[in-house]
Amino acid sequence: MTSRLAAIVFALLMLTAFYWPIQAAAADVVLVLDRSLSMNENDPSLVSLKGAELFDELLNPDDRLAVTTFAQDGVTVLPLTPLSDRQRIHALIRQIRMDGKRTNFEAALLNAERHFTRADGNPSEQRAVVLFSDGQINVGTEDINRASHDTIAFMPITAADAF
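Residues numbered from 1 in each chain as written. Predicted model: local features only at pLDDT ≥ 70, side-chain atom pairs only at ≥ 80, totals over all residues. Heavy atoms only, no water.

Chemist: Would you mind going over the overall build of the protein with me for this structure?
Modeler: Counting secondary structure elements, the protein contains 5 helices and 5 strands. Burial status across the protein gives 47% buried among its 163 residues. (Helix = DSSP H or I, 4+ residues; strand = E, 2+ residues; numbered from the N terminus. Buried < 20%, exposed > 50% of the residue type's maximum accessible area, 1.4 Å probe, protein only.)

Chemist: Where do I start with helix α3 (residues 47-58) in this structure?
Modeler: Helical periodicity: at 3.6 residues per turn, an α-helix aligns residues three or four positions apart in one direction. Here α3 is 12 residues long and its end C-alpha atoms lie 17 Å apart, about the 16 Å a rise of 1.5 Å per residue gives. Listed in full, the buried residues belonging to α3 are Val47, Ser48, Leu49, Gly51, Ala52, Glu53, Phe55 and Asp56. (Expected span 1.5 Å × (residues − 1).)

Chemist: In this structure, what is going on with the side chain of Ser36? I would like to understand it.
Modeler: One can find Ser36 in the loop between β1 (27-34) and α2 (37-42). Here the side chain of Ser36 touches Thr103 through a polar contact of 3.0 Å, side chain to side chain. Not counting residues within four places of it along the chain, the set of residues in contact with Ser36 comprises Phe70, Ala71, Met98, Gly100, Arg102 and Thr103. (Polar contact = N/O pair within 3.5 Å; in protein donor to acceptor, adjacent residues only side chain to side chain. Contact = heavy atoms within 4.5 Å.)

Chemist: Any chance you could explain helix α5 (residues 105-113) here in plain terms?
Modeler: In terms of burial, α5 is largely enclosed, as 7 of its 9 residues are buried. Among all positions in α5, only Phe105, Glu106, Ala107, Ala108, Leu109, Asn111 and Ala112 are buried. The residue sitting at the N-terminus of α5 and contributing the capping side-chain oxygen is Asn104; that oxygen lies 3.1 Å from the backbone nitrogen of Glu106.

Chemist: Would you mind going over the pairing of strand β3 (residues 74-82) with me for this structure?
Modeler: It is a general feature of regular strands that their side chains alternate between the two faces of the sheet. One ladder, built from 6 bridges, connects strand β2 (residues 64-70) with β3; its direction is antiparallel. Each bridged residue has a counterpart across the sheet, and for Thr69 the counterpart in β3 is Val75. In sequence, β2 turns back onto β3 through a hairpin of 3 residues. (Pairing = 2+ DSSP bridges.)

In structure tokens form, the structure reads like this:
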């Protein structure tokens, strides 16, 4: 395992242990993956996508996962879905290409927030956004906090130091 991948796995394990106690209620998690041009340069081995696949494996079977990407805009790859078909989720993650031009965190968070209301209108008790990025922001406004509610835990994961 490369040191970059090891650093990402360690960060994921620590964040999961901190935010999800053992025997936790089911959670809705939106995995937000940066596909901007800077990621193409900073993550040529696609370590972030490998980390995303590993993250999926850390979730409980009762959790639901959405996968989104962002560059200049936010795109939904997979809406909130039960984790019964992890192979499909991994296949969708592997299809992601770092082909965006800009990095717009506001668009990423606004898109992620849209996934948190269940079809019956009741939000999940546990909701989290996990964002994989190199941290290079170059589009959007300072007002990205409006994209979240107090009950959403934001766990940014940056591997900029590992690349």
